[in-house]
Amino acid sequence: MKPLLFIILTGSFSLFSCKKEKKSEPENVTAVVTLTNPHEGDTIQGNFSINGTIAGTANLHGYQITITNTSNDSIIYQNEVHDHLADFTVNQTVNHGFSSYTPLKLDLVVALDHDGNTVSKTVQFTVH
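Position numbers for residues count from 1 along each chain, tracking the sequence in the order it is written. At least 70 in pLDDT is required for a residue's local features to be given in this predicted model, at least 80 for side-chain atom pairs to be given and counted, and no such filter applies to totals for whole chains, interfaces and linings, which use all residues. Remark: hydrogens and water are excluded; side-chain values derive from all non-hydrogen atoms of the structure.

S.K.: Hey, could you go over the packing of aromatic side chains for me, with residue numbers and the actual values?
M.R.: Two rings belonging to Phe, Tyr or Trp (six-membered ring only in the last case) form a pair when the distance between their centres is within 6.5 Å. Interplanar angles under 30 degrees mark stacking, angles over 60 mark edge-to-face geometry, and anything in between is tilted. Inspection of the entire model under this criterion finds two aromatic pairs. Seen from their ring centres, F48 and F125 are 5.2 Å apart, and the 80° between their planes marks the pair as edge-to-face. Residue F48 is located in strand β3 (residues 48-56), and its partner F125 is located in strand β8 (residues 118-127); the two are separated by 77 residues in the primary sequence. Per-residue accessibility, obtained with a 1.4 Å probe over protein chains only, is compared with the maximum for each type, and a residue is labelled buried under 20%, exposed over 50%, and partly exposed between these values. When its relative accessible area of 4% is taken as the criterion, F48 is described as buried. Look at F125 and you get buried, because its relative accessible area is 3%. Each ring, one from Y63 and one from F88, has its centre 5.4 Å from the other, and the planes form 75°; the classification is edge-to-face. Secondary structure elements are defined from DSSP: runs of H or I of at least 4 residues count as helices, runs of E of at least 2 residues count as strands, and each element is numbered from the N terminus.

Structure below.
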């Protein structure tokens, strides 16, 4: 009888001494977007490159670049990168056929998570 009582008491202590692991709070992921090319207000002749970096505080979920002709709101370039990294290097070349001065807007949108949280950078410039 005593061994049974000992097992019950030991089991009770073990049961009550276990701590439930606390669910960690969701991490507030942020990112810093730096575009080194093109710059705001640039006038670029011919094809151009999009260069920059995206530095996240944790794994991000990719980014999308959209370039819009602001004179008629048409999209002239769009590319999406879906990868789970904390840091991205942006290095893309855009070929276009504009011969006259054309105002463009570059939107770079970073997906912080799969819940739709984003951070973005916009640059307006002109090509010819």
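Further notes follow.
S.K.: Now, about the sheet that holds strand β5 (residues 74-81): what can you tell me, with residues and values included?
M.R.: Reading across from one edge, β2-β8-β7-β4-β5 is the order of the five strands in this open sheet, with mixed pairing throughout. Every interior strand has two partners, whereas the edge strands, β2 (43-44) and β5, have only one. Any two strands with at least two DSSP-identified bridges between them are counted as paired. Two strands pair when backbone bridges link them, and β2 and β8 are joined in this way by two bridges, in the parallel orientation. Each residue of the ladder has a partner; that of I44, found in β8, is V127.

S.K.: Account for the sheet that holds β3, with residues named and values stated.
M.R.: Taking strand neighbours across the sheet as the criterion, the three strands line up as β1-β3-β6 in an open arrangement whose pairing is antiparallel. Looking at strand neighbours, the two that pair on one side only are β1 (31-37) and β6 (87-94), the edges of this open sheet. Across the sheet, the axes of successive neighbouring strands diverge by a mean angle of 15°, strand direction being ignored. Alignment of β1 against β3, held across six bridges, turns out to be antiparallel. Bridge pairing links T34 to T53 in β3. Orientation is described by lines fitted to C-alpha atoms, with helices fitted over the stretch in contact, and by angles between N-to-C directions that extend from 0 to 180 degrees.

S.K.: Any details on the side chain of T66? Residues and values, ideally.
M.R.: The residue T66 is located in strand β4 (residues 63-69) in this model. Residue T66 is classed as buried on the basis of its relative accessible area, which comes to 12%. Side-chain polar atoms of T66 contact the side chain of Q78, separated by 2.9 Å. We call two residues in contact whenever any of their non-hydrogen atoms come within 4.5 Å of each other. Ignoring any residue separated from it by four or fewer positions in sequence, one finds T66 in contact with I75, Y77, Q78, K105, L106 and D107. Polar contacts here mean pairs of N or O atoms no more than 3.5 Å apart (in protein, one a potential hydrogen donor and the other a potential acceptor; neighbouring residues in sequence count only if both atoms are side-chain atoms).

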